[in-house]
Amino acid sequence: MKTAGCEEIKIFEHMANSVELRRSILCKESFIDIINEFDIKHLEYVFSQINEDDVLRAINKEKINLYDYLALLSPHAEKHIESIAAKAKKITDMNFGKVISLYSPVYLSDYCINQCVYCGFNCKNVIQRHKLNYEQAEIEAREVSSKGIRHILLLTGESRMHSPVEYIEECVRIFKKYFSSVSIEIYPLETYEYKKIIAAGAEGLTIYQEVYDRHAYKTYHLNGPKKNYQYRLDAPERGCAAGMRVVNIGALLGLADWRKEAFFTGLHALYLQNKYPYVDVGISLPRIRKQVEDFNIPCPVSDMHLVQIMTAIRLLLPRAGINISTRERKELRENLIGLGVTRMSAGSSTRVGGHSNALDSFGQFEISDTSTVEEVRQMIYRKGYQPVFKDWDNFLQGESF
Amino acid sequence: MKNDVLVIGGKEIKSRLFIGTGKFSNNRLIPEAVKRSGAQVVTVALRRVDISSKQENMLDFIPEGCIIMPNTSGAANAGEAVRIARIARHLGCGNWVKIEIISDAKYLMPDNYETIKATEILAKEGFVVLPYVNPDLMDARRLRDAGAAAVMPLGAPIGTNKGLKTKELVQILIEEMDIPVIVDAGLGKPSHAAECMEIGADAVLVNTAIAVSEDPVAMAEAFSLAVKAGRMAYVAGMAQEKIFAEASSPLTGFLSKNE
């Protein structure tokens, strides 16, 4: 067996001491500095050292550190998944109550200048592109709100020409009239641009790094601004600095070794939570769906491993929101309730104008759970949880009343 | 026990158990839980209230006769809390408000400084203000001077069910304050609530421990009984705890012998 080198011992110590880690986070300018400290090579070594006792210790601790987190992500944890799940359930119920918040995604535009090999909106894909004009956006808003949805997530591809910041601002203003909370999932912006979006009425930002492994990242993002790994990596932090109330991050699971991707996702959330204590930092666990014909998922994540990631995150970050979308099957979504998830999408469409069927557009990926909002509502009640449609109101925030 | 009444904002409050509503698996459990607990003061997060919804308007689940105490959950500073309180009153939720200002998403610790600022403004506007705070004596005095109707120190961080971890500090508030002290947050079981009442807290507010229980309605009643027992013990005057048994006086016995 390889013996631990200086670097590796340093990482061990770094992980085991949550206080020191927190202090080191506070003096960093960017999450990239933390990533650099946890070199992937060394991480592999630490993984290889984990044994079953480490897993048991993690389960029995009140608060886990980063090393315990790694243990929960290791193959040794599979055997103990039932006790880990029981603990995750208890922590989730205590912190969030017996409730699941619901939201719906709305695609505004599928114009995109990025070439991401796994994505349906890849600029090399020859598809008719669409963008909702303001009138169509309003129709779409009315349609989604008529289903009872009160929280909305607005999405676009990356195109400063077709969906510039001003366009998104206007759409936020339109949707704000119909919804209690508006979030965005668009290309990364500058801090001052996020401030403009917030001023227009948005309060949440979702942006996935997609792939934390820098080498793998390069192989998936061939062209376009998204090639810039660090610019995307720093986007959630810019959102926090701009004053977003909720910031949601994630790795697109299936593109690289999930254990390491989950490790860095958790660490990224920990980083943001410590630097911006007033921001509600959440994590999404999107498993990649087949979106493009000739793209095969290189590192598939099983249901078991998805549960392993979700429960490990819950133990590391008891207060973090965890998001499961309609990418997942109906039955699985039902079974995940109680294990850590706090937010779910419902009645989704990944097509531009997909709710009002205004346009003949293509989906970014195929959704799996096609249940209606009402069916999701019933399903959550059946599981003994309360579906919460409204957990914020954008009129609660503002200058004076 | 006959004259043992709790008065807040000029109102006589029959039950010393206040109840939160945010974590129930189904809002339909709330009326029954409130009824069985005997609670008269019920707190509701305004962020969850959806006046427009026919199915899920939280306020419809609060039994008549209860005092609705809207809370400012989601407010990160005094300005937001003030805004939420004013909106709540505008929506017809009455003039009680629980100020909850949290700018720490990790532990959900209340911000005493911002809470004092909001209390000052809202008390002047005629609100009955019940601020949720860290148990600090100086801040509690500032809150009283600002016009707070009661002070609500945390027993342990929200949702932890750890019990009265802040006992020493809460006890100081109880001894020193001339407005009611209501322990809010962190109480995980009826015995925790009883403990608060035994040391002289005026009331307790419970949400998680009831709502997340397997049988929230029964748990609501269990808390109610514990609160009553604890209060009765406090009023009756509890025997002092003794560290040693006192059968004889080996150290000072000679004093009486020599007389």
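Attention here is on the structure that accompanies the text. (Residues numbered from 1 in each chain as written. Chains lettered and ligands numbered in written order. Predicted model: local features only at pLDDT ≥ 70, side-chain atom pairs only at ≥ 80, totals over all residues. Heavy atoms only, no water.)

## Quick look at the overall build of chain A
- From N to C terminus, chain A includes 17 helices and 11 strands.
- For 401 residues, the compact-globule estimate of 2.2 N^0.38 gives 21 Å, and the C-alpha radius of gyration of chain A, at 20 Å, lies within 12% of that figure.
- By principal-axis analysis of the C-alpha atoms, chain A measures approximately 65 × 50 × 45 Å.
- Within chain A, the proportion of its 401 residues that are buried is 64%.
- Put simply, chain A shows about 15300 Å² of open surface, and 51% of that area lies on carbon and sulfur atoms. (Helix = DSSP H or I, 4+ residues; strand = E, 2+ residues; numbered from the N terminus. Rg over C-alpha atoms; globule rule 2.2 N^0.38 Å. Buried < 20%, exposed > 50% of the residue type's maximum accessible area, 1.4 Å probe, protein only. Areas by Shrake-Rupley, 256 points an atom, 1.4 Å probe, with all protein chains shown as cover.)

## Here we look at the overall build of chain B
- Tallying secondary structure elements over chain B gives 9 helices and 10 strands in all.
- Over its C-alpha atoms chain B spans a radius of gyration of 20 Å, differing by no more than 12% from the 18 Å that the globule rule assigns to 259 residues.
- With the C-alpha coordinates of chain B rotated into their principal frame, the extents come out at 85 × 40 × 40 Å.
- Out of the 259 residues belonging to chain B, those deemed buried represent 56%.
- Contacts in chain B between residues far apart in sequence, at least 24 positions, make up 66% of those at least 6 positions apart.
- Summed over all atoms, the accessible surface of chain B reaches about 11800 Å², with 51% contributed by carbon and sulfur.
- In chain B, which carries 29 positive and 31 negative side-chain charges, the distance between the mean positions of the two groups comes to 3 Å. (Contact = heavy atoms within 4.5 Å. Lys, Arg positive; Asp, Glu negative; His and termini not counted. Charge placed at Lys NZ, Arg CZ, Asp CG, Glu CD.)

## Focus: the packing of aromatic side chains
Residues and elements named next belong to chain A.
- As enumerated under the stated definition, the model contains 12 aromatic pairs over all chains in all.
- Ring centres 5.1 Å apart and planes at 85 degrees place the aromatic pair Tyr217 and Tyr229 in the edge-to-face group. Placement of Tyr217 in helix H11 (residues 214-220) and of Tyr229 in helix H12 (residues 229-233) is noted, with a sequence separation of 12 residues between them. For the pair shown, Tyr217 and Tyr229 are each scored as buried.
- Where Tyr220 meets Phe295, the ring centres are 6.2 Å apart and the plane angle is 75 degrees; that geometry is what we call edge-to-face. Linking Tyr220 in helix H11 with Phe295 in the loop between strand E8 (280-284) and helix H15 (303-316), this pair joins segments that are 75 residues apart in sequence. One exposure class covers both Tyr220 and Phe295, and it is buried.
- Every member of this aromatic cluster is reached through a ring pair, and the members are Phe31, Tyr212 and Tyr271.
- Above the ring of Phe96, the side-chain terminus of Arg319 is found at 5.0 Å from the ring centroid. (Phe/Tyr/Trp six-rings, centres within 6.5 Å; stacked < 30°, edge-to-face > 60°. Lys NZ or Arg CZ within 6 Å of the ring centre and 35° of its normal.)

## Topic: the side chain of Arg259 of chain A
All names here are of chain A.
- Within the secondary structure, Arg259 is located in helix H14 (residues 258-275).
- Buried and unpaired, Arg259 has no salt bridge, with Glu78 as the nearest side chain of opposite charge at 4.2 Å.
- Within the local environment of Arg259, its side chain forms a polar contact with the backbone oxygen of Leu73, the two atoms lying 2.7 Å apart.
- Residues within four places of Arg259 in sequence aside, it is in contact with Phe47, Leu73, Ser74, Pro75, Glu78, His305 and Gln308. (Salt bridge = Lys/Arg side-chain N within 4 Å of Asp/Glu carboxyl O. Polar contact = N/O pair within 3.5 Å; in protein donor to acceptor, adjacent residues only side chain to side chain.)

## Observations concerning the interface of chain A and chain B
- Contacts between the two partners involve 36 residues from chain A and, on the opposite side, 35 residues from chain B.
- Interface area for chain A against chain B, summed over the two sides, is near 3200 Å², with a carbon-plus-sulfur share of 47%.
- For the pair chain A and chain B, the interface holds 4 salt bridges.
- Between Arg150 of chain A and Asp50 of chain B there is a salt bridge; the shortest N-O distance is 3.0 Å.
- Contributions of two or more residues to the side of chain A that touches chain B are made by helix H7 (81-96), H14, helix H17 (373-382) and strand E11 (386-388) of chain A.
- Ranked by the residues each element gives to the side of chain A that touches chain B, the list is headed by H7 of chain A, at 4 residues.
- Here the residues of the side of chain A that touches chain B are counted per class, giving 13 nonpolar, 9 polar and 14 charged. (Buried area = accessible area lost by both parts, 1.4 Å probe. Nonpolar A, V, L, I, M, F, W, Y, C, P; charged D, E, K, R; others polar.)

## Details of helix H13 (residues 235-242) of chain A
All names here are of chain A.
- In terms of burial, H13 is largely enclosed, as 7 of its 8 residues are buried.
- Among all positions of H13, only Ala235, Pro236, Glu237, Arg238, Gly239, Cys240 and Ala242 are buried.
- In the stretch just after H13, Gly243 is the one whose phi turns positive, near 110 degrees.

## Some remarks on the pairing of strand E9 (residues 321-324) of chain A
All names here are of chain A.
- Neither face of E9 is exposed, since Gly321 and Asn323 on one face and Ile322 and Ile324 on the opposite face are all buried.
- Across 2 bridges, E9 lies against strand E10 (residues 343-345) in parallel orientation. Paired with Ile324 across the bridge in E10 is Met344.
- Chirality of the crossover, the property in question, places the unit of E9, helix H16 (residues 330-336) and E10 among those that are right-handed. (Pairing = 2+ DSSP bridges. Right-handed = clockwise from strand over helix to strand, strands pointing away.)

## Notes on the environment of Asp215 of chain B
Residue and element names in this part refer to chain B.
- Within the secondary structure, Asp215 is located in the loop between helix H7 (208-211) and helix H8 (216-236).
- The exposure class assigned to Asp215 is partly exposed, which follows from its relative accessible area of 41%.
- The sequence separation of Asp215 and Ala33 amounts to 182 residues, and the corresponding C-alpha distance is 9.5 Å.

## So, the pattern of salt bridges
- Summed over the entire model, instances satisfying the criterion amount to 42 salt bridges over all chains.
- We note a salt bridge from Arg231 of chain B to Asp4 of chain B, for which the minimum N-O separation is 2.7 Å. In this pair, Arg231 of chain B sits in helix H8 while Asp4 of chain B sits in the segment before strand E1 (6-8), placing the two residues 227 residues apart along the sequence.
- In this structure, the salt-bridge partner of Glu114 of chain B is Lys117 of chain B, at a minimum N-O distance of 3.2 Å. With Glu114 of chain B and Lys117 of chain B both in helix H3 (residues 112-124) and 3 residues apart, the pair spans about one turn of that helix.
- Among the residues examined, Glu114 of chain B registers a relative accessible area of 13% and is labelled buried.
- Residue classification places Lys117 of chain B among the partly exposed residues on the basis of a relative accessible area of 31%.
- Linked by salt bridges that have partners in common, Arg287, Asp303, Glu328 and Arg329 of chain A make up one network.

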